[in-house]
Amino acid sequence: MAATRGPRPGALLAAALTLPGVVPQAVAQSVPDTGYIQFKYLDYRDWQPGARRMRVENPGLFVLKPLSESLVIEGSLVYDGMSGASPLYFNALSGASGEGVTDYRSAGDVRLTKYFDRFSIGVGVAYSHERDYISRAGSIEVRTWTADKNRTYAFGFAGSADRISADEGAVQGERKNVLDFLFGITQVLSPTSIVQSNITYSRGHGYFTDPYKLLDNRPDHRRILAWLTRYNEHFPSRDGTLQLAYRYIDDSFGADSNMLEVAWVQPLPHGWSVRPSLRYYTQKSAFFYFGPPVGSGLRPGEPYTADTRLSAFGAWTPGILVAKQLDDGWSVDLKLEYYEQRGSWRLGGDGSEGLLPFSARWIQVGVTKTF
Amino acid sequence: MSSSASAQRWACANLKMKALRIVVAGLVIAALGGCASYAPPQAWEKQYLALPAMQFDADKLDAKNIQHVYFSKEGSAGGYGVGGGGCGCN
């Protein structure tokens, strides 16, 4: 996250309502002073010992534009070009020839937010399309703040309707519907510190099975309660900012998790800034995950999965972001992050056994122009 | 596929711990809401709060991309917001 020298008048941020996996929301108590357009390109690769797996090339565009003194519109378009091999079960990779598969995903979303004196209302729609998966979603969010603007309450509601047709026709017309709720509070603690805490509740019903995983059979409903707390503090003596985040997830699938992230934003001379970061994630296995060999623990009519993403593991992500402010409202940024996931890294032990470490790296370049 | 009896037994066995965590989360939220007694800064003291580094998710496209990566490689996601829809990646 880039940092610039000097404050932007009237830019105090309230509760962040970002969409999981889609688009973060404009968060402010007034219409932003300026709009901006942003382009990013993400190159993602993952692997396991002895084998490359997936590669994803992801160009994306985001635009935010004030339409009036009380109305702002924002939206994004992204495209994922995917190729490579993903596991059929545990670490056994797909693709008869070993060359894997190719796939794509395109997605877009738009949000309109109207600001009033002490509250705002935002309405959004989102759509994504893959060869075998279509998702349509709508949302509404209401934020209200105190007269001194030091505390903001956020309320969000969303619904999505997904359709799945996959596995070369073996799965046709399956549906999944999800309702999401959010309640959050953002509180300014001091002239140099701010905290935000959000609770989201997701309730889904329908087809959760992965049709590309051998013997995969998941429950037809899922409830996820997530509690995210973030804290930012600026240190004027160092001109740097500490960013902390902690999240706990309670999942009806059993994959309860904890996540802790720490980052430091340090402005440098001549408009440069650097942001090193470190994230740790640990999760339990789903109650229907059974370790190798495949089929072990499988019982007729009972849920089952050999998907390692639902195993018990811990994961670390060190990363660094470098940004540069240019003239005339231009800025550029470069992010590099490395991810590794291991059963032995699960907090407290009891990680899933018999699995290879999973590694990934992503490089993201971006350019932004305010207008 | 409906939940099995074994799933229900598992859920009951963890209910106490989950309820405790939810109560703790609720207390934290309530504590934040009860910060009326705390002395917040005046309007003219908020210059540092306006810095981009002090904002949550100032880079919206970056947050979107990175959360999507984690969503596709880990068991679940949430907490950042609502309304994004689904994908075939998880």
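Residue positions are counted from 1 within each chain, in the order its sequence is given. Just so you know, chain letters begin at A and ligand numbers begin at 1, following the order they were written in. Given that the model is predicted, a residue must reach a pLDDT of at least 70 before its local features are reported, and side-chain atom pairs must reach 80 or more before they are shown or counted; all residues, however, enter totals for whole chains, interfaces and linings. Neither water nor hydrogens contribute to the side-chain values; these are computed over all heavy atoms in the structure.

## Focus: the overall build of chain B
Rules: Only runs of H or I of at least four residues qualify as helices and only runs of E of at least two qualify as strands under DSSP, and these elements are numbered from the N terminus. Surface accessibility follows the Shrake-Rupley procedure with a 1.4 Å probe radius. Residue values consider only the protein chains on display as shielding.
Regarding its fold elements, chain B presents three helices and zero strands. Along chain B, helices and strands appear, N-terminal first, in the series α-α-α. For chain B, the computed accessible surface area is about 3,900 Å², with 64% contributed by carbon and sulfur atoms.

## So, the nonpolar core
Inclusion rule: Among buried residues, those of type Ala, Val, Leu, Ile, Met, Phe, Trp, Tyr and Cys that are joined through side-chain atoms within 4.5 Å constitute a nonpolar core. Note on classification: 1.4 Å probe, protein chains only; a residue is buried when its accessible area is under 20% of the maximum for its type, exposed when over 50%, partly exposed between these limits.
Counting 18 residues, the largest nonpolar core has Tyr-44, Tyr-339, Ala-360 and Trp-362 of chain A as its most contacted members. Counting only elements with at least two residues in this core, the list comes to β1 (36-48), β2 (51-66), β16 (313-325) and β18 (358-370) of chain A together with α3 (60-73) of chain B.

## Re the state of the cysteines
All names here are of chain B. For the record, the criterion: Disulfide: a pair of cysteine sulfur atoms within 2.5 Å of each other.
Following the criterion strictly, the structure yields one disulfide over all chains and no others. Paired by a disulfide, Cys-87 and Cys-89 hold their sulfur atoms 2.0 Å apart. With respect to class, Cys-87 is no different from Cys-89; both count as buried.

## Some points on empty space enclosed by the protein
We apply this condition: Detection works on a 1 Å grid of protein atoms alone, calling trapped sets that fit a 1.4 Å probe cavities and calling open sets with protein on both sides within 12 Å along at least five of seven lines pockets, with lining residues defined by an atom within 4 Å of a point. Grid points are joined across faces, edges and corners, and a volume is the space filled by probe spheres set on the points. In this classification, the charged set is Asp, Glu, Lys and Arg, the nonpolar set is Ala, Val, Leu, Ile, Met, Phe, Trp, Tyr, Cys and Pro, and all remaining amino acids, among them Gly, are polar.
For the coordinates displayed, the defined rule picks out seven cavities of 30 Å³ or more. Along its surface, the largest cavity is lined by 38 residues, and Val-178 and Ser-202 of chain A together with Phe-71, Gly-85 and Gly-86 of chain B are the ones closest to its centre. Counting only elements with at least two residues in the lining of the largest cavity, the list comes to β6 (101-115), β7 (119-130), β9 (151-166), β10 (171-190), β11 (193-206) and β12 (221-235) of chain A together with α3 of chain B. Across the lining of the largest cavity, the residue classes tally to 16 nonpolar, 15 polar and seven charged.

## Some thoughts on the packing of aromatic side chains
To keep things clear, this is the line we draw: Here is the rule: rings of Phe, Tyr and Trp (six-membered ring for Trp) pair when centre to centre is within 6.5 Å. Planes less than 30 degrees apart are stacked, more than 60 are edge-to-face, and the remainder are tilted.
Counted under the stated rule, the structure contains 20 aromatic pairs over all chains. Taking 5.7 Å as the distance between ring centres and 40 degrees as the angle between the ring planes, the aromatic pair formed by Tyr-36 of chain A and Phe-62 of chain A counts as tilted. Taken together, the residues Tyr-36 of chain A in strand β1 and Phe-62 of chain A in strand β2 connect sequence positions 26 residues apart. Looking at Phe-62 of chain A, the relative accessible area reads 0%, which means it is buried. Centroid distance Tyr-339 of chain A to Tyr-70 of chain B: 6.0 Å. Interplanar angle 50 degrees. Geometry classified as tilted.

## Re the environment of Tyr-115 of chain A
Along the polypeptide, Tyr-115 of chain A turns up in strand β6. Residue classification places Tyr-115 of chain A among the buried residues on the basis of a relative accessible area of 6%.

## Examining the pattern of salt bridges
Residue and element names in this part refer to chain A. To be explicit about the condition: The rule for a salt bridge is simple: a side-chain nitrogen of Lys or Arg has to be within 4 Å of a carboxyl oxygen of Asp or Glu.
Applying the stated criterion across every chain, the model contains 22 salt bridges over all chains. With a shortest N-O distance of 2.7 Å, Arg-218 and Asp-216 are connected by a salt bridge. In this pair, the class of Arg-218 matches that of Asp-216, namely buried. Between Asp-251 and Arg-222 there is a salt bridge, and its shortest N-O distance comes to 2.6 Å. Here Asp-251, found in strand β13 (residues 240-251), pairs with Arg-222, found in strand β12; they are 29 residues apart in sequence, far enough to count as distant. Note on accessibility: Asp-251 and Arg-222 belong to one class, buried.

## Some points on a nonpolar patch on the surface
Residue and element names in this part refer to chain A. Heads up, the condition is: Residues enter patches when they are more than 30% accessible in relative terms and free of salt bridges; like-charged ones are connected within 9 Å and nonpolar ones (Val, Leu, Ile, Met, Phe, Trp, Tyr) within 5 Å.
A grouping of Phe-116, Phe-119, Val-123, Ile-140, Val-142, Phe-155, Phe-157, Leu-179 and Phe-181 is seen on the molecular surface, where their side chains present a nonpolar patch of about 720 Å² in accessible area. Mapped by element, the contributors of at least two residues to the nonpolar patch are β7, β8 (133-145), β9 and β10. What makes Val-123 partly exposed here is its relative accessible area of 45%.

## Re the pairing of strand β3 (residues 71-84) of chain A
All names here are of chain A. Filter applied, for reference: DSSP calls a pair of strands paired once it identifies at least 2 bridges connecting them.
For β2 and β3, the ladder comprises eleven bridges, and the chain directions are antiparallel. Bridging from a neighbouring strand, Leu-64 pairs with Glu-74 of β3. Taken together, β2 and the strand that follows it, β3, pair antiparallel across an intervening segment of four residues. Two strands pair when backbone bridges link them, and β3 and β6 are joined in this way by 14 bridges, in the antiparallel orientation. From the neighbouring strand, Gly-75 faces β6, where its bridge partner is Val-110.

## Structural notes on the confidence of the model for chain B
All names here are of chain B. The condition is simple: The predictor's confidence in any single residue is recorded as pLDDT, a number from 0 to 100.
For chain B, the mean per-residue pLDDT works out to 74, and 57% of the residues sit at or above 70. Put simply, helix α1 (residues 5-13) is where chain B has its lowest mean pLDDT, 53, and α3 is where it has its highest, 94. With a pTM of 0.86, the predicted complex shows an ipTM of 0.88.

## Topic: unusual backbone geometry
Residue and element names in this part refer to chain A. Omega for the bond connecting Pro-292 with Pro-293 falls within 30 degrees of zero, at 0 degrees, which places this linkage in the cis form. Structurally, the position occupied by Pro-293 is in the loop between β15 (272-283) and β16. Located in the positive-phi region is Phe-90, a residue other than glycine, with phi close to 45 degrees. Its location among the elements puts Phe-90 in the loop between β4 (87-89) and β5 (92-93). Although it is not a glycine, Asp-239 sits at a positive phi angle of roughly 55 degrees. With respect to the helices, strands and loops of the structure, Asp-239 is situated in the loop between β12 and β13. Taking relative accessible area as the criterion, Asp-239 reaches 25% and is therefore assigned partly exposed.

## Some points on the side chain of Gln-243 of chain A
Counted only if it meets this: We call two N or O atoms a polar contact when they sit within 3.5 Å, provided that within protein one can donate a hydrogen and the other can accept it, with sequence-adjacent residues counted only if both atoms are side-chain atoms.
Mapped onto the elements of the fold, Gln-243 of chain A is located in strand β13. Given a relative accessible area of 7%, Gln-243 of chain A falls into the buried group. One polar contact links the side chain of Gln-243 of chain A to the main-chain carbonyl oxygen of Ala-53 of chain B, over a distance of 2.8 Å.

## A look at the pairing of β18 of chain A
All names here are of chain A. Note: β1 against β18, twelve bridges, orientation antiparallel. Pairing of Leu-42 across the sheet is with Gln-364, part of β18. With twelve bridges connecting them, strand β17 (residues 330-342) and β18 associate as antiparallel partners. Counterpart to Ser-331 in the pairing with β18 is Thr-368.

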